[in-house]
Amino acid sequence: MARKATTQTFTDDERAAMKEHAAEVRASSSRRGSKADKAAEDAKALLEKIAEMSEGDRTIAERVHAIITETVPDLAPKLWYGMPAYYKGTKSICFFQPATKFKTRYSTLGFNDDAALDDGDLWPVAYALQSLTPQVEARIAELVKRAAS
């Protein structure tokens, strides 16, 4: 019996994110100037992306951005698949995914493979964010500090 080939398809939102990432890579590689100039342009692009978000996502994203940049100023803000992300060198450590990005009911603070959050054989790599209380903000600061260590 012949096996039918299956095709994995991406959603429109996923395709859009991939296109955004390709544009980010092209923009980053075409930037001229000092490392500091490039970093400033990356940070500006990230802040512009936050400013484009819906009010609820924008409010949370602005505060998450402030917490991350205050807690670990060595992390470089840069876009990653059209989302605010924070890099240690060339490695994306964490990112903010607005709820509207993939039409989910909550925003997400996610951590990538290079985040130092390992805890035995099982640990979370993404956290739902619906509102920011002082306790939530303290937890974000703690996670980001640990992730960047």
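Residues numbered from 1 in each chain as written. Predicted model: local features only at pLDDT ≥ 70, side-chain atom pairs only at ≥ 80, totals over all residues. Heavy atoms only, no water.

1. Quick look at the sheet that holds strand β4 (residues 107–111)
At step 1: What the 5 strands build is an open sheet, ordered β1-β2-β3-β4-β5; its pairing is antiparallel. The sheet is open, and its two edges are formed by β1 (76–80) and β5 (126–129), each paired on a single side. Pairwise comparison of adjacent strand axes, ignoring direction, gives a mean angle of 25° for this sheet.
At step 2: In the sheet, β4 pairs with β5 via 4 bridges, with the strands oriented antiparallel. Opposite S107, over in β5, you have L129 as the bridge partner. (Pairing = 2+ DSSP bridges. Helix = DSSP H or I, 4+ residues; strand = E, 2+ residues; numbered from the N terminus. Axes fitted to C-alpha atoms, helices over the stretch in contact; angles between N-to-C directions.)

2. Describing helix α2 (residues 35–52)
At step 1: With 18 residues, α2 extends 26 Å between its outermost C-alpha atoms, agreeing within 8% with the 26 Å of an ideal straight helix rising 1.5 Å per residue.
At step 2: Those residues of α2 lying buried are D42, L46, K49 and I50. All buried residues of α2 lie within an arc of 100° about the axis, which places them on one face of the element. Set apart from the buried face of α2 by more than 90 degrees, the exposed residues are A36, K44, A51 and E52. (Expected span 1.5 Å × (residues − 1). Buried < 20%, exposed > 50% of the residue type's maximum accessible area, 1.4 Å probe, protein only. Arc of directions from axis to C-beta.)

3. Observations concerning the pattern of salt bridges
At step 1: Summed over the entire model, instances satisfying the criterion amount to 8 salt bridges.
At step 2: Measuring nitrogen to oxygen at the nearest pair gives 3.8 Å for the salt bridge that ties K44 to E48. Of the two residues, K44 and E48 both sit in helix α2, 4 residues apart, roughly one turn of that helix.
At step 3: A salt bridge links R63 to E137; its shortest N-O distance comes to 3.1 Å. One end of the pair, R63, is in helix α3 (residues 55–71); the other, E137, is in helix α4 (residues 134–148), and 74 residues separate them in sequence.
At step 4: If you follow the salt bridges from partner to partner, you end up with E20, K49, E52 and K101 in one network. (Salt bridge = Lys/Arg side-chain N within 4 Å of Asp/Glu carboxyl O.)

4. With respect to the nonpolar core
At step 1: Judged by nonpolar contacts, the single largest core of 26 residues is most densely connected at V64, I68, L75, F111 and V144.
At step 2: Of all the elements in the fold, those that place two or more residues in this core are α2, α3, β3 (91–97), β4, β5 and α4.
At step 3: Among residues more than four places away in sequence, those in contact with I68 are P73, L75, Y86, C94, L109 and V144.
At step 4: Counting 5 residues, the second largest nonpolar core, distinct from the first, contains W80, M83, A85 and F95. (Core = buried A, V, L, I, M, F, W, Y, C linked by side-chain atoms within 4.5 Å. Contact = heavy atoms within 4.5 Å.)

Read these as geometric descriptors, not functional statements.
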